[in-house]
Amino acid sequence: MADLKEIIALAIKKADSSMFNEDYAKQAAAVIQAVQKAGYEIVPVRPPEGLLPFVHDNMPFGRLRPSELVTQLYTLMVTNVRRFDK
């Protein structure tokens, strides 16, 4: 994956090239879009209310290696965090 600092810097540069009329909301949206396009997601440090019950209800079942279970749970949490982050 690309360097996150470089992704953010390029997104800000592309979003608003003017010297005086800077649109910070446009820059922020461009950064979020660039970060997601690069395969990252911005998530809160603590899970929002509702996420853990959702993950519990949607946990993979069956015989999984611990590493596979952790990978699937991580992916389930990260891809659904925006649904509950309000």
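Residues numbered from 1 in each chain as written. Predicted model: local features only at pLDDT ≥ 70, side-chain atom pairs only at ≥ 80, totals over all residues. Heavy atoms only, no water.

J.: So what exactly am I meant to see when it comes to the packing of aromatic side chains here?
T.: Both the distance between ring centres and the angle between the ring planes are used here to describe each pair of aromatic rings. According to the stated counting rule, one finds one aromatic pair in the structure shown. Relative to Phe 84, the ring of Phe 54 has its centre 5.4 Å away and its plane inclined at 50°; by these criteria the two rings are tilted. Taken together, the residues span a long stretch of sequence, with Phe 54 in helix α3 (residues 51–57) and Phe 84 in helix α4 (residues 66–84) at a distance of 30 residues. (Phe/Tyr/Trp six-rings, centres within 6.5 Å; stacked < 30°, edge-to-face > 60°. Helix = DSSP H or I, 4+ residues; strand = E, 2+ residues; numbered from the N terminus.)

J.: Explain the pattern of salt bridges to me, please; I cannot follow it from the model alone.
T.: Pairs can form between side chains of opposite charge once their charged atoms are near each other. The tally for this structure, following the rule as stated, stands at one salt bridge. A salt bridge links Arg 82 to Glu 41; the shortest N-O distance between them is 2.7 Å. Here Arg 82, found in helix α4, pairs with Glu 41, found in the loop between α2 (24–37) and α3; they are 41 residues apart in sequence, far enough to count as distant. The class for Arg 82 is partly exposed, based on a relative accessible area of 43%. (Salt bridge = Lys/Arg side-chain N within 4 Å of Asp/Glu carboxyl O. Buried < 20%, exposed > 50% of the residue type's maximum accessible area, 1.4 Å probe, protein only.)

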